[in-house]
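Overview (structure and organization)
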Amino acid sequence: MSAPNPSEKTPVVNWAEIEAKPAFRQLLARKARFIIPATIFFLIYYLALPVLVGYYPELMKKKVWGEVNVAYVFALSQFFMAWIMAFIYVRVAAQWDKVAAEVIHDHH
Amino acid sequence: MSVLPLIMFLSFVALTLLITFWAAKRNTGASAYFAAGRSITGWQNGLAVAGDYMSAASFLGISGMICFSGYDGFMYSVGFLVAYITVLLIVAEPLRNAGKYTMADLLAYRLSPRPVRALASLSTLTVSTFYMIAQMVGAGAIIQRLIGLPFVPAVIGVGVLMLVYVVFGGMLATTWVQIIKALLLMAGAILLSYLVLQHHSFSFAKFFEAVAHADYGGSADPKNLMEPGLKFGVAVAGPWGPLDLVSLGLGLVLGTAGLPHILVRFYTVPDAKTARSSVVWAMAIIGLFYIMTTFFGFGAATILKKALITTIDGKPDTNMVAPILAQQLGGETFFAFISAVAFATILAVVAGLTMSASASFAHDFYTNVIHHGKEHRPGQEVRVARITAFCVGAVSIGIAIYLGPSVNAAFLVGLAFAVAASANLPVIVLSVFWKRFNTAGAVAGLGVGLSSSILLILLSKNGPAFLGHVFPLENPGIVSIPIGFLAAYLGTILTARDPDAEAKFAELTVRAHTGLGAEKATSH
């Protein structure tokens, strides 16, 4: 009950065989094509905030609407960036689910 | 101390205790105790994750930080939310597919289980304790203000209540306490934001105008809280200030994906798809909450007189701004409500933290390291978890009393994030995505990441005086996170290849990306 072993119901699975399937390789490639660029994008977009705020405070203090400045707008935009990113990810990942289900279809 | 706040406060405590006893009756075995029978749905888990996250640091700490340091305090809010993209894209689904109860399950999959579990358990206990200290400090401050109880007995009282939740309730109880608390906290935050905007005649222009000339109800010279730099700017923090801000940001955005008490939440859902949807639910709730922190954080600086938010010894009372704002704008009833919710928040978060720490010690260290993965008697793992909960609680109470009430809760939690990002994140990522990764690499990554981040905190200006305060940053992330990754990488390539680990990479990859053979829901 302690080590994460497959339960008794699961038949012995040839993991290497599934891993070598072209459909599975394609799934991994598709995931990497989305996740890697998305991760690089959000990290750069996010880290730009402390870098700009820390090192270019005069630029960030520019007012855009009343007393609301670039710094506040950029910080607020991070929330929308995160929500949009999550929305896109869920859409894309739903397609991966279908491929993953096909890959393991014969092994249930 | 009037009667109403006390009644409100006690009824919250009673409500959460009822949930705990209800859950205790449904605890039938380890999967129920540690993972709520994997029966929690997406939105429920999303609320519970949000509940775990909207801790004393988020509500009490950040509002105080924004009230005193303006825009720079808001940086915590932003980092706390964006961090969830790391969880969503990289960690949540592989973890749910390949693990069972703890973060170490994923690591032990293809690596030598005993050293990896031992270190992962140590790191889990460390991060949880850091996080818990922040909650204890917040709880002590609230009880002090609400009931007039001194700080020390207040903290001890919280510790005792928390043990009741964990010892009897397990994961199902803490999950439901979190869900209810998340809803109450959101309601409180919305009402508080509404009252602040009402104070400024529902005009955003007027509100931001006031924030840009915040004078603490006329009790101080006006300062512009909209402008960055009041905490990390060169003029205030010296030449290292901006780098400290970047370091904080890095720790926050990478830390959540290594927080044990957040990671274990993904084991309470039936499958990876539900894990994914629960992250999205959590992001929606947490994001709204953090946007509101600007209303009551900034709002406090425009409304509250300095004398109200100063402790007896003249320091800024950085953890009590939100409840005091509620008192000023909504009277005693609203103050009682906000305080009770904040206190429930702390109890629930502390219970979640204790759960993950004790699960890790019982499951990883006791069962798998000492007893080689065999439970001698049924129920032993659960019993050890309960004993661990007691010890972790006692240690955190001790340190919280030592630190005292004036240290900011958000700052303390920021440190927990940096430790999690340095020790846990590198090994989680590398074990899922790098075939060559081996046991030596995991041990090096966990050990060096953990010790370097702790060491840098001790060497910073917040460490003990005899270490000389030689490290110029308060937040260690920008140094310790790369060190954690580097140690994991060097530990791997400088030691022999591990054919077993590489052979099992195929299995882990298939499991992580398809969910084949994942732990199933057990209840019903």
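Every chain is numbered independently, its residues counted from 1 as its sequence is written. Starting at A for chains and at 1 for ligands, labels are handed out in the order in which the entities are written. Only residues with pLDDT of 70 or above have their local features reported here, since the model is predicted, and side-chain atom pairs are shown and tallied only from 80 upward, although totals for entire chains, interfaces and linings are computed over all residues. Values reported for side chains reflect all heavy atoms of the structure, with hydrogen atoms and water molecules removed beforehand.

Some points on the interface of chain A and chain B
Here, two residues are considered to be in contact whenever any of their heavy atoms come within 4.5 Å of each other. Tallying the contact residues gives 54 residues for chain A and 67 residues for chain B. Summing both sides of the interface, chain A and chain B together bury roughly 5200 Å²; the carbon and sulfur share of this comes to 75%. The term salt bridge refers to a side-chain nitrogen of Lys or Arg lying within 4 Å of a carboxyl oxygen of Asp or Glu. The salt bridge involving Lys61(A) is made with Glu227(B); its shortest N-O contact spans 3.9 Å. Note on residue classes: Ala, Val, Leu, Ile, Met, Phe, Trp, Tyr, Cys and Pro are nonpolar, Asp, Glu, Lys and Arg are charged, and everything else, Gly too, is polar. A per-class count over the side of chain A that touches chain B returns 41 nonpolar, eight polar and five charged. Accessible area that two parts lose when put together, evaluated with a 1.4 Å probe and summed over both, is termed the buried area.

Here we look at the packing of aromatic side chains
Classification of ring pairs rests on two measures: the distance between centres of Phe, Tyr or Trp rings, Trp counted by its six-membered ring, which must be within 6.5 Å, and the angle between planes, read as stacked under 30 degrees, edge-to-face over 60 and tilted in between. Evaluated as defined, the whole model comprises 33 aromatic pairs over all chains. A ring pair is formed by Phe204(B) and Phe208(B), whose centres lie 6.5 Å apart and whose planes are at 25°; its orientation type is stacked. Here Phe204(B) and its partner Phe208(B) are both found in helix H9 (residues 204-212), four residues apart, which amounts to about one turn of the helix. Throughout, exposure labels follow a simple rule: accessible area from a 1.4 Å probe, protein chains only, divided by the maximum for the residue type, with under 20% read as buried, over 50% as exposed, and the rest as partly exposed. Owing to a relative accessible area of 40%, Phe204(B) belongs among the partly exposed residues under this scheme. The class of Phe208(B) is buried, set by a relative accessible area of 6%. An aromatic cluster is defined as three or more aromatic residues linked by ring pairs; in this entry it consists of Tyr72(A), Phe79(A), Phe80(A), Trp83(A), Tyr71(B), Phe74(B), Phe204(B), Phe207(B), Phe208(B), Phe295(B) and Phe298(B). Over the aromatic face of Phe232(B) sits the side chain of Lys231(B), whose NZ or CZ is 5.7 Å from the ring centroid. Just above the ring of Tyr216(B) sits the side chain of Lys306(B); from NZ or CZ to the centre is 4.2 Å. The way it works is that DSSP assigns letters per residue, a run of H or I at least four long becomes a helix, a run of E at least two long becomes a strand, and they are numbered from the N terminus. The criterion is that NZ of a Lys, or CZ of an Arg, lies within 6 Å of the ring centre and within 35 degrees of the ring normal, and then a charge sits over that ring.

Digging into helix H3 (residues 42-53) of chain B
Residue and element names in this part refer to chain B. A helix is expected to span 1.5 Å multiplied by its residue count minus one. Over its twelve residues, H3 extends 16 Å from the first C-alpha to the last, a length consistent with the 16 Å expected when each residue adds 1.5 Å. Counting buried positions along H3 gives eleven out of twelve residues, so the element sits mostly inside the fold. All buried positions along H3 are accounted for by Gly42, Gln44, Asn45, Gly46, Leu47, Ala48, Val49, Ala50, Gly51, Asp52 and Tyr53.

Here's the deal with the pattern of salt bridges
All names here are of chain B. Enumeration over the complete set of coordinates arrives at 13 salt bridges over all chains. The salt bridge partner of Arg497 is Glu502, with a shortest N-O separation of 3.2 Å. Since its relative accessible area comes to 13%, Glu502 is described here as buried. Among the salt bridges present, the one from Arg511 reaches Glu507, with a minimum N-O distance of 3.0 Å. With Arg511 and Glu507 both in helix H19 (residues 499-514), this residue pair falls four residues apart, about one helical turn. Across the pair, Glu507 and Arg511 agree in class, each one buried.

Some details on the packing of helix H5 (residues 71-98) of chain B against helix H11 (residues 241-255) of chain B
Residues and elements named next belong to chain B. Interaxial angles span 0 to 180 degrees and are taken between N-to-C directions of axes, which are lines fitted to C-alpha atoms, for helices over the stretch in contact. For the pair H5 and H11, interaxial distance at closest approach is 7 Å and the crossing angle is 40°. As the angle between them shows, H5 and H11 are arranged oblique. By crossing handedness, the relation of H5 to H11 is classed as right-handed. Across from Met75, Tyr76, Gly79, Phe80, Val82, Ala83 and Thr86 in H5, the residues of H11 making contact are Leu245, Leu248, Leu252, Val253 and Leu254. Of the residues belonging to the contact of H5 with H11, the class tally is ten nonpolar, two polar and no charged. The labels follow the angle: roughly parallel below 35 degrees, roughly antiparallel above 145, roughly perpendicular from 65 to 115, and oblique for the rest. It is the rotation of the near helix from the far one that decides the hand of a crossing: anticlockwise by less than a right angle makes it left-handed, clockwise makes it right-handed.

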